[in-house]
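Inside the fold
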Amino acid sequence: MKIAVCAKQIPDPATPYSLDPETHFVVRPNDQVLDDTDRYGVEMALQLAEANDAEVVLVSMGPAGNLQGVRQALAMGADKAIVVDDEGLRGSGALVTAKVLAAAIQQEGGVDLVITGTESTDGYTGVVPQQIAALLGLPALSFARKVELDGTTLKVERISATGYDDVECPLPAVVAVTSGAVEPRYPTFKGIMAAKSKPVEQPTAADLGIAADAIGEAGSGQEITSVEDAPSRTAGTKIVDEGEAFQAIVELLEKAKVI
Ligand SMILES: Cc1cc2nc3c(=O)[nH]c(=O)nc-3n(C[C@H](O)[C@H](O)[C@H](O)COP(=O)(O)OP(=O)(O)OC[C@H]3O[C@@H](n4cnc5c(N)ncnc54)[C@H](O)[C@@H]3O)c2cc1C
């Protein structure tokens, strides 16, 4: 059995992000960390792999840098990694990202289960897992807080507005796990040493059969024309209640088209 886990390297959230003034893209330093959200997906994959004698393959798209974030996942226990790093991918949106990840999973072959986070920390569109599932023609189980494998049936507790739904589907499938679903392990010293020699494949988009004009800003059909600072907060309006404050509040809400 083979489990692919999609995980992203991101600039360390503890360090302020900087933007390239010309392209407006986030400057991605050489040192990037494993997205904290994806530590849950990696842990879930490892737990399922341990119980089902499976191989765990990490799949990532983005500037590889010194692979620090990828090595974090390998140190946790993933067996190998595929990192699609290609200058042409700069400016790719969520759908292009999903196409690249789906192509890498397809090329790897024999994947029974794809695990992702629910929403990344830096992009947070929350659509990549469902897009990967659609592209691979697989069922997508989202917002999973508990995941079990019963033979070739995937059973999930899916968080809903009022509690959770029990959802199941046959493998192969894509499941997006929520943060907190499991307790991510800390890499051991042995794991950190072993990660240094685990295989990391670095295909380009062309190696995955994706044309140069289908990736990047052009392939995504988007262009960042400008980036503005968020306006600083204003002092707001203070209403002193002398018995008629409700009227002033209603007027304000009407003006803001809230009511
Ligand atoms: C304007 C813009 C510019 C961009 N520029 C670049 C760029 O220069 N270079 C580049 O490589 N990408 C670039 N991207 C892609 C971007 O970094 C995201 O990976 C992509 O848009 C996915 O969106 P998200 O992070 O909101 O995914 P979400 O849907 O919020 O992520 C959910 C889950 O999907 C999986 N996932 C998402 N993205 C990846 C990934 N990249 N690798 C592995 N797993 C993933 C993870 O499991 C994650 O937890 C750009 C995107 C935009 C919108």
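Quick look at the structure, then. Remember, predicted model here, so these are calculated numbers, not experimental data.

**Details of the sheet that holds strand β10 (residues 173-177)**
Pairing within the open sheet is mixed, and its nine strands lie in the order β9-β8-β7-β10-β6-β1-β4-β5-β11. The open sheet is flanked by β9 (164-170) and β11 (200-201), the only strands paired with a single partner. Pairing geometry for strand β6 (residues 113-117) and β10, over five bridges, is parallel. Bridge pairing in β10 links V114 to V174.

**Observations regarding the pattern of salt bridges**
Enumeration over the complete set of coordinates arrives at twelve salt bridges. We note a salt bridge from E50 to R185, for which the minimum N-O separation is 2.8 Å. Placement of E50 in helix α1 (residues 36-52) and of R185 in the loop between β10 and α5 (189-195) is noted, with a sequence separation of 135 residues between them. K80 is the salt-bridge partner of E108, the closest N and O atoms lying 2.9 Å from each other. On the criterion of sequence distance, the pair formed by E108 in helix α3 (residues 94-108) and K80 in strand β5 (residues 80-84) is long-range, its members being 28 residues apart. For K80, a relative accessible area of 13% translates into the label buried. The network of salt bridges with common partners includes K2, K80, E108 and E201.

**Regarding the nonpolar core**
Core analysis: the biggest nonpolar cluster contains 40 residues, and I115, V147, L154 and V175 have the highest contact counts within it. A total of seven residues in this core trace back to one element, the largest contributor, which is α1. In contact with V147, not counting residues within four places along its chain, are M44, L48, L154, K155, V156, V175 and V177. Among the nonpolar cores identified, the runner-up in size contains 27 residues, and L89, V96, A98 and V114 belong to it.

**What about unusual backbone geometry?**
Residue P172 is bonded to the preceding L171 through a cis peptide linkage, with omega at 0°. Summarising the element assignment, P172 is placed in the loop between β9 and β10. Positive phi outside glycine occurs at F143, with the angle close to 50°.

**Focus on the layout of surface pockets**
It is a probe the size of a water molecule, rolled over the atoms, that shows where empty space is left. Taken as a whole, the largest pocket spans an internal volume of roughly 1,300 Å³. Contributing to the lining of the largest pocket are 49 residues, with K8, R28, S92, T97 and D122 lying nearest its centre. For the lining of the largest pocket, the elements supplying multiple residues, two or more each, are β4 (55-61), α3, β6 and α4 (128-136). Residues of the lining of the largest pocket, tallied by class, amount to 20 nonpolar, 17 polar and twelve charged.

Calculation rules
Residues numbered from 1 in each chain as written. Predicted model: local features only at pLDDT ≥ 70, side-chain atom pairs only at ≥ 80, totals over all residues. Heavy atoms only, no water. Pairing = 2+ DSSP bridges. Helix = DSSP H or I, 4+ residues; strand = E, 2+ residues; numbered from the N terminus. Salt bridge = Lys/Arg side-chain N within 4 Å of Asp/Glu carboxyl O. Buried < 20%, exposed > 50% of the residue type's maximum accessible area, 1.4 Å probe, protein only. Core = buried A, V, L, I, M, F, W, Y, C linked by side-chain atoms within 4.5 Å. Contact = heavy atoms within 4.5 Å. 1 Å grid on protein atoms, 1.4 Å probe; cavity = no way out; pocket = protein on both sides within 12 Å on 5 of 7 lines; lining within 4 Å. Points joined across faces, edges and corners; volume = space filled by probe spheres on them. Nonpolar A, V, L, I, M, F, W, Y, C, P; charged D, E, K, R; others polar.

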